Amino acid sequence: MEETTKRELVLHVNGERRSIVTRQAETLLFVLRDGLGLTGAKPGCLNGDCGACTVLVDGTPIKSCMMLAIETVGKEITSIEGLDDAPIQHAFVRHFAFQCGYCTPGFIMNAHALIERHPNADEATIQEWLESNICRCTSYQEIEAAVKEVLEAKKAKPTDP
Amino acid sequence: MVPFDFAYYRPQSIAEATALFAALERDGKRPLYYGGGTEIITLSRLNLVRTAAVIDIKSIPECRALEASADPLVLGAALALGELEEANPFPLLTKAAREVADRTARNQITLGGNICGQIFYRETALPLFVAEADVIIAGPYGIRQCRFLDLFHQQLQLGRGEFVVQFKVDRATATLPHFHRKRRKQGEVGYPLVTIAALKKDGTVRVALSGICPFPFRSADVEAHLNDRNRPVGERIQAAVDAFPRPILHDIEGSADYRLFVAAQLLEDMLRELGDGETV
Amino acid sequence: MAVGKSIIRKEAWDKVTGRAKYTNDFKEQGMLHASLVTSPYAHARILSLEARRALAAPGVHAVVTGEGLPLTGEDMRDRPPIAVDKVRYYGEVVAVVVADTLAQAEQAARLVRVVYEPLPAVGSPREALKEGAPLLHEHLDRYEKNKTTHPEPGTNVAHRTKIRKGNIEQGFAESDVIVETSVSFAPSDHIAMETRCATAEIWPDGTIHISASSQSPFMIKKLLHTYFGEETGKVIVHTPLVGGAYGGKAPVQLELLAYLASKAVGGRKVSVWNSREHDMVTSPVHIGLEATVKIGATKEGLFKAMEILFLFDGGAYSDKAIDVSRAAAVDCTGPYHVENVFCDSLCVYTNRPYATPFRSFGHCEQAFAVERAIDELARTLQLDPWEVRRKNAIRPGHTTPTQVRLTKSNVGNISACLDRLRELMRWDEWQRVEVDAYTVRAKGISSGWKTSTIDTDASSGVILTFNSDGSVNVISGVVEIGTGTKTVLAQIVAERLKMDVDCVHVKMDIDTQTTPEHWKTVASRGTFMAGRAALAAADDAIRQLKDIAACVLRASPDDLEVGFGRVFLRDDPAIFLPIKDIAYGYKFPNGNAIGGQVIGRGRYILRHLTPLDPETGAGKPGPEWGVCAEGVEIEFNRRDYTYRIVKAYAVIDAGKVLNPKAALGQAMGAMSMGLSFSSREGFLFDNEQRVLNPQLRTYRPIRFGEHPEYIVEFVETPQIDAPYGARGIGEHGLIGMPAALANALSLAAGVPLNELPLVPELIWRTQKGDSYGSV
Ligand SMILES: Cc1cc2nc3c(=O)[nH]c(=O)nc-3n(C[C@H](O)[C@H](O)[C@H](O)COP(=O)(O)OP(=O)(O)OC[C@H]3O[C@@H](n4cnc5c(N)ncnc54)[C@H](O)[C@@H]3O)c2cc1C
Ligand code: FES
Ligand code: FES
């Protein structure tokens, strides 16, 4: 069985090629955290329920606790460590949109993808996307303010296509 | 976290997939077809799934088909629910999909996985029931096409080594007037207490439910009562509820009698919205 | 300068970039992993435990079981760290498997075979108190306990607190009306997003290195001594950032398992990390309650007497549940003047997960019972529920249930909070309106108060050191659990040193070897106690800076001031020395030096706290009472029993708001937690007391979009003893939410709703007149 369990994978993470030997049954979350030292994505339930482990695969938010690392070969993975001064990070800081910060990387990745994908997101879309993550510290009102501020700013100053 | 090991395969064609399955099965690996993998991964952690090999069907072009302008519509089984929502080829299916799990999870959960998984709500089956969709199945003996409803008895009756490739939905049916409502114990995310999907064709309603029993269903008896215009609406609904398969779920989401109370109200809402001028 | 400003938390950028590290983020080559084997029964005898197959599994180093271990517990030692002979709750640990990888440990855990003989399980406090109920602890009389714990051997009562004030018979005799209300809710959970985690390693020199996501790193040290005789000086506990705690990380549990596991593998580093399921049921939970409140009042609604029975569901082990039951008793009436009070608060053993503090420490529980009763009283008397509360509001000069006389400083201004709440909510305009045939809008309110019942000798220390650029480092034992206390401490220090807060750095993590002790990061006492210590440390540093500068400037220290990065002459600020030139001693041009480095030391201990009299409850349990008035506005559908929480209000007496946005965040976060708890949370048990929903899939906290609009204001009645007058505010937002929600829904639905969580099915059932049993 040994030959089938572990394999070398080449992953594209945050713009870098990273190669890693891992079990084929290993989830992306564990490979990022234990294999690549990227501990920004957090384990909160390992069951797809909390969203703390959210990262982007080809720009789409996914829960990395329920995706195999091997599935992401050939795709671009972005974790919170790969964000470069994104407006949503500033907005989270300004609006006190976190306290303990444990849900924050997941929330930010999801919100970031929402803003990129749907710069004109309406209330319903914002809710549909952001209800994927649980925050136990804030009231969500702070997070709502942060996300809406970035969306507004984006509308006010459209970037080139 | 999958505590045990398995091998991961990613075939590029249907034939490769079924051949792999057969070979792995022969080796005693008890392989599983793998759609979004969300259930396989999360139930492995809880010791409710065990396998030595998974066969990811997401690289099989047929499984990824999304022909929104074809007639019939073609919906690949490996499409993520989120993709189906965004493309919106079949509005009732979009509405059903949109209420499953949460948006991020739906970027992973596939249509085929939702219908073939162990978690028994299988809410996207409801629109396919009422649209009388066809299902395309591949297996060791090749590919077959059947009426989805005929092959679904509490769950989809697949033979060993078979998997769902696609669903086909009559294009006109997909645009018929419809109704969808999901009611949970509380809040906007979570398993259903009751989910109901209905559409109206030629003056009759077709209705399917999830959350009432440990399987989704569409029942001819239930529909006959609902469509029995000779009786007052209240009576029709009561008769329909009485005709639900038994036993009614009684669990942590809600008690059996409360579920029936909610179902009756949702049926009433459905008739009001789809009914032609009937007063409820 | 810094106080009163919305200073951004010091670790903000670490948290939005993924750099912030929590206990489980520290991985080490060679670290071993543990998996917990837990009981599938709530009450059973362990007939045998067979670990041979697990031990033979790949990667496994040890299987730790419970024989020969000491009993543990903070107030009473009734809990084996690993069950032996008997399990008393579903999810109790029976063995710990240690392996090279987590996957191997989990695999092997499945191979441990335990044979149980199920015993009848006790499901609720009332059941546990029935004649002939199975006993959880046959040897309750033999347990070691502290002086303030009063178990009742031969029963399931772990502790009883008695409050006797005035003359209850007379109070009821003077009443025109007596209303009795009973409420209940099952245990629930904290659901910190970071599940608990602890690692332990024992070095060859005998030092024990623990890393833990804990609110009580210093307590871990003490308890390893108490339980296992380890020298406290050899126990070093490290606590990095904590991903939410809310009281749930105050008790010490996994740390003991990690220590035992490490011992079993020759001191190698072992990580014990809870799965979500274990975090919810195996680790301590939010307490459940069954309570009866009897209020006697005059026709005008003036309270004459309150008789209260709290039956707290402490679960299988008493641990901190005793304390919670006592805290609710101490403040049993709520912030009202009641001359005649009779309260029994029991911490009852049941076969349920054991309980521990939950944000507000017994007070949202207390408030739910009493504030529901007050609304029922108002309804009976046909009085405005706001009026009734306002009329009875407690004031300086009155005494608390434990007979502490209140002063302007030691209690907040509840009347002011209620008055402002009335305006904010437009209370007088309407309290219930029918919008259409089915839709009803309704408002409900609740008051709340809380003192912090903490150990009478709890203390806090702060050290200040300087950097060569004159900036300061604040080192305090307060754990950063998300409350932003470390940032507030920086503000306090900056204010005192008249320094830019950017020049005040804080040491975020705790290392008990180098960080001065802060008792526990609980009870909203961080700002108060550590704040006082920080002020003392700043004063100490100022004194030292002045001494050195006095020498150099040839002036009396009394004529010097410290501020703006300098020590200067008060009457001629042009004559000064930069702090950076003296913080490490002053060097004269000829090379001679004086002073040495400046190290500010500060400490604080609460004064005049006393244990309660066992018969009357008289005593001073805490330093001050913070107060709040809160409200909820809901929209209820009478046809389908669903509802939406539209608005949630809180007016909290903050004493002084040190960081407005942070304070707002604390208040709103607490409110959110209170609304989530009361509208949708709670464990569901089967008849054998197994938890049916130990997952976030089925135990569903409030999510984005389900949140109401939050309206929060602060009243400022300074507490003289506190840094800049600030009172604890981290918990008050929660206190009134369950009661306010229940009051609003009861008004909307037209039936008293006295159970939680308030899911539509409960309202439906109550209106139908059914009892709402567990499924
Ligand atoms: C967080 C979360 C919330 C959920 N909430 C809901 C909900 O509200 N309502 C609801 O209805 N469901 C819900 N589910 C259940 C979910 O829809 C199922 O678990 C589904 O199986 C997941 O799809 P998948 O593609 O990830 O399946 P996978 O994990 O890939 O597979 C699940 C099972 O289906 C089989 N399978 C997958 N694809 C095919 C195929 N094409 N042909 C044959 N067999 C196949 C696999 O062999 C496996 O046995 C939820 C799941 C999660 C993780
Ligand atoms: S850890 Fe992935 S969703 Fe919770
Ligand atoms: S900030 Fe703590 S969980 Fe969101």
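Per-chain numbering applies: the sequence of each chain, read as written, is numbered from 1 onward. Throughout, the order in which chains and ligands are written sets their labels, letters from A for the former and numbers from 1 for the latter. In keeping with the model being predicted, local features are shown solely for residues with a pLDDT of at least 70 and side-chain atom pairs are shown and tallied solely at 80 or more, while totals for entire chains, interfaces and linings include all residues. Think of the side-chain values as coming from all heavy atoms in the structure, minus any hydrogens and water.

1. Here's the deal with the overall build of chain B
A helix here means a DSSP run of H or I that spans at least four residues, while a strand means a run of E at least two residues long, and both kinds are numbered starting from the N terminus. Along its length, chain B carries 12 helices and 14 strands. Radius of gyration means the value over C-alpha atoms here, while the globule rule gives 2.2 Å times the residue count to the 0.38 power. Against the globule reference of 19 Å for 280 residues, chain B gives a C-alpha radius of gyration of 19 Å, in line with a compact fold. If one aligns the C-alpha atoms of chain B with their principal axes, the spans along those axes are about 60 × 40 × 30 Å. We call a residue buried when its accessible area falls under 20% of the maximum for its residue type, exposed when it is over 50%, and partly exposed in between, using a 1.4 Å probe and counting protein chains only. Every one of the 280 residues in chain B was classed for burial, and the buried ones make up 62%. Throughout, a residue-residue contact means that at least one pair of heavy atoms, one from each residue, lies within 4.5 Å. The long-range share in chain B, meaning contacts at least 24 apart out of those at least 6 apart in sequence, stands at 58%. The Shrake-Rupley method, run with a 1.4 Å probe sphere, supplies the accessible areas, and residue values consider only the shown protein chains as cover. Surface accessibility of chain B: about 10,000 Å² in total, with carbon and sulfur atoms responsible for 49%. A residue counts as positive if it is Lys or Arg and as negative if it is Asp or Glu; His and the chain ends are not included. The atoms used to mark charge sites are NZ of Lys, CZ of Arg, CG of Asp and CD of Glu. The average position of the 33 basic charges and that of the 35 acidic charges among the side chains of chain B differ by 3 Å.

2. Quick look at the domain arrangement of chain B
The domains assigned to chain B are domain 1 (7-56), domain 2 (61-173) and domain 3 (176-275). Computed from C-alpha coordinates alone, the two centres of domain 1 of chain B and domain 3 of chain B are separated by 35 Å. Where each domain starts and ends follows an automatic or database-derived domain assignment.

3. Considerations on the interface of chain C and chain B
Facing the 32 residues of chain C at the interface are 32 residues of chain B. Summing the contributions of chain C and of chain B, the shared interface buries around 2,700 Å²; its carbon and sulfur component is 49%. Here the quantity called buried area is the total loss of accessible area, with a 1.4 Å probe, experienced by two parts when brought into contact, counted for both. Of all residues in chain C, the largest losses of buried area upon contact with chain B belong to C:Arg110, C:Arg639 and C:Arg700, amounting jointly to 24% of the total for that side. Think of a salt bridge as a Lys or Arg side-chain nitrogen and an Asp or Glu carboxyl oxygen that are within 4 Å of each other. Applying the counting criterion to the chain C and chain B interface returns 7 salt bridges. Across the salt bridge formed by B:Arg183 and C:Asp640, the nearest N and O atoms sit 3.4 Å from each other.

4. Considerations on the interface of chain C and chain A
With 56 residues of chain C in contact, the opposing surface of chain A contributes 49 residues. Between chain C and chain A, a total of about 4,300 Å² is buried, with carbon and sulfur atoms accounting for 57% of that surface. Across the contact surface, chain C and chain A share 5 salt bridges. Across the pair A:Arg136 and C:Glu681 runs a salt bridge whose closest N-O atoms are separated by 2.7 Å. The definition of a polar contact used here is a pair of N or O atoms within 3.5 Å, where within protein one atom must be able to donate a hydrogen and the other to accept one, and adjacent residues in sequence count solely through side-chain atom pairs. Where chain C meets chain A, there are 25 residue pairs in polar contact (both at pLDDT 80 or more). Sorting the residues of the side of chain C that touches chain A by element identifies α1 (12-17), α3 (102-109), α16 (660-680) and β32 (709-715) of chain C as the ones contributing at least two each. Per element, the largest residue contribution to the side of chain C that touches chain A is 9 residues, and it comes from α16(C). Its residues assigned to classes, the side of chain C that touches chain A comprises 24 nonpolar, 18 polar and 14 charged. We call Asp, Glu, Lys and Arg charged. Ala, Val, Leu, Ile, Met, Phe, Trp, Tyr, Cys and Pro are nonpolar, and the rest, Gly among them, are polar.

5. What about the nonpolar core?
Joining through side-chain atoms within 4.5 Å is the link that ties buried Ala, Val, Leu, Ile, Met, Phe, Trp, Tyr and Cys residues into a set, and such a set is a nonpolar core. In this structure, B:Phe244, B:Met270 and C:Ile634 are the most contacted members of the largest nonpolar core, which totals 278 residues. For this core, the leading source of residues is helix α14 (residues 526-553) of chain C, giving 15 residues. Grouped together as the second largest cluster of nonpolar side chains are 78 residues, A:Cys65, A:Met67, B:Ala125 and B:Leu199 included.

6. Quick word on the confidence of the model for chain C
The pLDDT value expresses, per residue, how confident the predictor is, ranging between 0 and 100. Summarising the model, chain C shows a mean pLDDT of 95, and 99% of its residues fall at 70 or more. What the predictor reports for the complex is a pTM of 0.97 with an ipTM of 0.96.

7. Things to note about the sheet that holds strand β3 (residues 60-64) of chain C
Residue and element names in this part refer to chain C. If you walk across this open sheet you meet the 8 strands as β3-β5-β1-β12-β9-β10-β11-β23, and the pairing is mixed. Both outer strands of the open sheet, β3 and β23 (510-511), are each paired with one neighbouring strand and no more. Strand pairing is assigned whenever DSSP identifies at least 2 bridges connecting the two strands. Sheet topology places strand β10 (residues 208-212) next to strand β11 (residues 235-239); 4 bridges connect them, and they run parallel. Considered in β11, the bridge of Ile-208 is made with Val-235.

8. Considerations on the domain arrangement of chain C
Residue and element names in this part refer to chain C. Under the domain assignment, chain C is made up of domain 1 (31-118 + 196-273), domain 2 (285-393 + 402-454 + 610-768) and domain 3 (459-605). Each of domain 1 and domain 2 was reduced to a C-alpha centroid, and the two centroids are 35 Å apart. Residue-level contacts link 19 residues of domain 1 with 22 residues of domain 2. Of the roughly 1,900 Å² buried where domain 1 meets domain 2, counting both sides, 57% is carbon and sulfur surface. Per-residue buried area on domain 1 facing domain 2 is highest for Asp-75, Tyr-90 and Tyr-246; these three make up 32% of the total on that side.

9. Examining the site of ligand 1
Neighbouring residues are identified by heavy atoms, a residue being near a molecule or strand if any of them is within 4 Å of it. Near ligand 1 lie 33 residues; those nearest to it are B:Tyr33, B:Thr38, B:Glu39, B:Thr110 and B:Glu123. Those chains with residues close to ligand 1 are chains A, B and C. Within the backbone of B:Ile40, one N or O atom sits 2.9 Å away from an oxygen atom of ligand 1. Contacts to ligand 1 include B:Glu123, whose side-chain N or O atom sits 2.6 Å from a nitrogen atom.

10. Some details on helix α12 (residues 256-274) of chain B
For α12(B), with 19 residues, the first-to-last C-alpha span of 26 Å sits near the 27 Å given by 1.5 Å per residue. Across the 19 residues of α12(B), 14 count as buried, placing the element largely inside the fold. Multiply 1.5 Å by the residue count of a helix minus one, and that product is the helix's expected span.

11. Some words on the sheet that holds strand β18 (residues 432-434) of chain C
All names here are of chain C. Read from one edge of the open sheet, 5 strands run β18-β19-β30-β31-β32, paired in mixed fashion. This sheet does not close on itself; its edge strands, each paired only once, are β18 and β32. Each strand of the sheet is rotated relative to its neighbour by a mean of 15°, with strand direction disregarded. In this sheet, strand β31 (residues 643-653) lies alongside strand β30 (residues 626-637) in antiparallel orientation, the contact comprising 9 bridges. Bridge pairing in β31 places Glu-635 opposite Arg-644. The axes are straight lines fitted to the C-alpha atoms, using for helices just the contacting stretch, and the angles between their N-to-C directions are given from 0 to 180°.

12. As for the environment of C:Lys145
Residue and element names in this part refer to chain C. In this fold, Lys-145 is placed in the loop between α4 (125-129) and β7 (157-165). Separated by 255 residues in sequence, Lys-145 and Thr-400 place their C-alpha atoms 28 Å apart. Reaching out from Lys-145, the side chain makes a polar contact with the backbone oxygen of Thr-149 at a distance of 3.5 Å.

13. Observations regarding the packing of aromatic side chains
Aromatic contacts are taken between Phe, Tyr and Trp rings whose centres are within 6.5 Å, Trp giving its six-membered ring; a plane angle under 30 degrees counts as stacked, one over 60 as edge-to-face, and the others as tilted. Tallying each qualifying case throughout the model produces 38 aromatic pairs over all chains. Ring geometry for B:Tyr121 against B:Tyr191: centres 4.6 Å apart, planes inclined by 35°, an arrangement best described as tilted. In this pair, B:Tyr121 sits in the loop between α6 (111-116) and α7 (125-130) while B:Tyr191 sits in the loop between β11 (178-183) and β12 (194-201), placing the two residues 70 residues apart along the sequence. Each member of the pair, B:Tyr121 as well as B:Tyr191, carries the same accessibility label: buried. Taken together, B:Tyr258, B:Phe261, C:Phe636, C:Tyr641 and C:Trp764 form an aromatic cluster joined through their ring pairs. One residue, C:Arg422, lies across the ring of C:Trp386, its end atom 4.3 Å from the ring centre. Ring-over charges, as used throughout, are those where CZ of Arg or NZ of Lys falls within 6 Å of the ring centre and within 35 degrees of the ring normal.

14. Some remarks on the side chain of A:Ser79
Residue and element names in this part refer to chain A. As for its placement among the helices and strands, Ser-79 is situated in the loop between β5 (76-78) and α3 (87-94). A relative accessible area of 1% places Ser-79 in the buried class. One polar contact links Ser-79 to Glu-81, side chain to side chain, over a distance of 2.7 Å. Non-local contacts of Ser-79, meaning those with residues more than four positions away in its chain, are made with Asn-14, Leu-38, Val-55 and Met-109.

15. Focus on the pairing of strand β28 (residues 593-597) of chain C
All names here are of chain C. The pairing of strand β27 (residues 584-587) with β28 spans 3 bridges and is antiparallel. Bridged to Tyr-584 within β28 is Gln-597. Turn length for the β27-β28 hairpin, with the two strands adjacent in sequence and antiparallel, is 5 residues, and the turn residue Gly-591 shows positive phi of about 100°.

16. With respect to the packing of helix α10 (residues 363-381) of chain C against helix α11 (residues 385-392) of chain C
Residues and elements named next belong to chain C. The geometry of α10 relative to α11 is characterised by a closest axis approach of 9 Å and an angle of 115° between their N-to-C directions. With respect to their mutual orientation, α10 and α11 come out roughly perpendicular. Here α10 runs over α11; the crossing is right-handed. Residues Glu-371, Ile-374, Asp-375, Leu-377 and Ala-378 of α10 touch α11, and the partners they reach there are Pro-385, Val-388 and Arg-389. Counted by class, the contact of α10 with α11 contains 5 nonpolar, no polar and 3 charged residues. Every angle not falling under 35 degrees, over 145, or within 65 to 115 is termed oblique; those three ranges are roughly parallel, roughly antiparallel and roughly perpendicular. Note: crossing handedness is left-handed where the near helix turns anticlockwise from the far helix by less than a right angle, and right-handed where it turns clockwise.

17. Observations concerning the pairing of β30(C)
Residue and element names in this part refer to chain C. When you tally the buried positions in β30, you get 10 out of 12 residues, the bulk of the element. Across 12 bridges, strand β19 (residues 439-450) lies against β30 in antiparallel orientation. When the sheet's bridge partners are listed, Ser-447 is paired in β30 with Ala-629. Counted between consecutive antiparallel strands, the loop separating β30 from β31 contains 5 residues, among which Tyr-641 sits at a positive phi close to 70°.

18. As for the pattern of salt bridges
Summed over all chains, the structure comprises 97 salt bridges over all chains. Among the salt bridges present, the one from C:Glu290 reaches C:Arg126, with a minimum N-O distance of 3.8 Å. One end of the pair, C:Glu290, is in strand β14 (residues 288-297); the other, C:Arg126, is in helix α4, with 164 residues separating them in the sequence. Residues joined in a network through salt bridges with shared partners are A:Glu128, B:Glu85, B:Glu86, B:Arg98, B:Arg103 and B:Arg106.

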